Amino acid sequence: MVVRIREDVCRGCKMCIRICPSRAIEMKGSTAFINGKCTGCGSCVSLCPMGAIEKE
Ligand code: SF4
Ligand code: SF4
């Protein structure tokens, strides 16, 4: 599973950073992005209160 964060929707609350078991989410300015450590576990997708994290 490929997971990505929509920069236009993310509000930078950092909840996804705290939940990710692989330390795969970082902040870039005021929005979050997924780095190369993502295993595609999907835990962050339903967590995001903005619905900014998508599965592809
Ligand atoms: S949980 Fe959603 S809104 Fe919050 S930082 Fe992560 S992607 Fe952005
Ligand atoms: S899918 Fe899992 S490993 Fe990838 S960023 Fe989300 S919580 Fe982290």
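Please read these numbers as outputs of a predicted model, since none were measured by experiment. (Residues numbered from 1 in each chain as written. Chains lettered and ligands numbered in written order. Predicted model: local features only at pLDDT ≥ 70, side-chain atom pairs only at ≥ 80, totals over all residues. Heavy atoms only, no water.)

(A) Up close: the overall build of the protein. In terms of regular secondary structure, the protein is built from two helices and four strands. Its helices and strands in sequence order give the protein the pattern β-α-β-β-α-β, from N to C terminus. Taking 56 residues into account, the globule formula puts the C-alpha radius of gyration at 10 Å, and the protein, at 10 Å, falls close to it. Evaluated residue by residue, the protein yields a buried proportion of 36% over its 56 residues. In the protein, the share of contacts with a sequence separation of at least 24, taken over all contacts with a separation of at least 6, comes to 53%. Surface exposure of the protein reaches about 3,600 Å², of which carbon and sulfur atoms provide 50%. Positive and negative charge centroids in the protein, built from 9 and 5 side chains respectively, lie 7 Å apart. (Helix = DSSP H or I, 4+ residues; strand = E, 2+ residues; numbered from the N terminus. Rg over C-alpha atoms; globule rule 2.2 N^0.38 Å. Buried < 20%, exposed > 50% of the residue type's maximum accessible area, 1.4 Å probe, protein only. Contact = heavy atoms within 4.5 Å. Areas by Shrake-Rupley, 256 points an atom, 1.4 Å probe, with all protein chains shown as cover. Lys, Arg positive; Asp, Glu negative; His and termini not counted. Charge placed at Lys NZ, Arg CZ, Asp CG, Glu CD.)

(B) Seen up close, the site of ligand 2. Taken together, the neighbourhood of ligand 2 is formed by Val3, Cys20, Pro21, Ser22, Ile25, Cys38, Thr39, Gly40, Cys41, Gly42, Ser43 and Cys44. Of the residues contributing to the shell around ligand 2, the split by class is seven nonpolar, five polar and no charged. (Near = heavy atom within 4 Å. Nonpolar A, V, L, I, M, F, W, Y, C, P; charged D, E, K, R; others polar.)

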